[in-house]
Amino acid sequence: MNELIRDREVRLIDSNGEQLGIVSSKRALELAAERKLDLVKIAPKAKPPVCKIMDFGKYKYEQAKREKEAKKKQKVINVKEVRLSLNIEENDINTKANRAIKFLEKGDKVKVSLRFKGRELGHTHLGVDVMNKFFSIVSEAGSMEKKPKMEGRSMIMILAPKN
């Protein structure tokens, strides 16, 4: 920008987008100063480099405004976790399922994890049964994104909200 441009010659573009041709960098700086604007290098790799006369402060402001608008439009998806155990009672599984349904209705993904302790690791098929039972309760609100799978000592399943 401005005095930091060290090239001997630059291809100059006016503030309205018109090509002014190849001029010396000193002449380009003078033209920018006459118009009370900044000289900004926009394509440094080109031969000769391309510079544009513009109001840099206004450009930065508009760029920040566009980024803020883009941020407003994007949807953030959180991953909530529900923990189960192998010998969970009927009422407890219903309570946890209701909690998961609320998360899914809000648009969040739900990670259902079931931790195995000690000798329970020998009975992972029972864990799959608990997971399937949990999914059958929650199936109206969400769909299974990742089937129950062992990861270390826990079995993990991921549910996504239905559209």
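Everything below is about the structure shown above.
What you see is a predicted model; the values in this text were computed from it and never measured.

Another aspect to go through is the sheet that holds strand β5 (residues 79–84). The strands making up a sheet associate through backbone hydrogen bonding, with each pair oriented either parallel or antiparallel. Strand order across the open sheet formed by four strands is β5-β6-β8-β7, with mixed pairing between neighbours. Each end of this open sheet is capped by a strand with a single partner; those strands are β5 and β7 (142–151). Ignoring strand direction, the axes of neighbouring strands in this sheet form an average angle of 20 degrees. Strand direction decides the pairing type here: β7 and strand β8 (residues 154–161), joined by seven bridges, are antiparallel. Bridge pairing in β8 places Met150 opposite Met155. Against the sheet, helix α3 (residues 90–106) makes contact with β5, β6 (109–115), β7 and β8, and its axis sits at roughly 170 degrees relative to β5, the strand it touches most. The sheet contacts of helix α4 (residues 124–138) involve β5, β6, β7 and β8, and relative to β8 the element is tilted by about 15 degrees.

Spanning 15 residues, α4 covers 21 Å between terminal C-alpha atoms, matching the ideal 21 Å at 1.5 Å per step. Of the positions making up α4, those classed as buried are Gly127, Val130, Met131, Phe134 and Val138. When α4 is viewed along its axis, its buried side chains cluster within an angular range of 95 degrees and face the same direction.

Criteria and thresholds
Residues numbered from 1 in each chain as written. Predicted model: local features only at pLDDT ≥ 70, side-chain atom pairs only at ≥ 80, totals over all residues. Heavy atoms only, no water. Pairing = 2+ DSSP bridges. Helix = DSSP H or I, 4+ residues; strand = E, 2+ residues; numbered from the N terminus. Axes fitted to C-alpha atoms, helices over the stretch in contact; angles between N-to-C directions. Contact = heavy atoms within 4.5 Å. Expected span 1.5 Å × (residues − 1). Buried < 20%, exposed > 50% of the residue type's maximum accessible area, 1.4 Å probe, protein only. Arc of directions from axis to C-beta.

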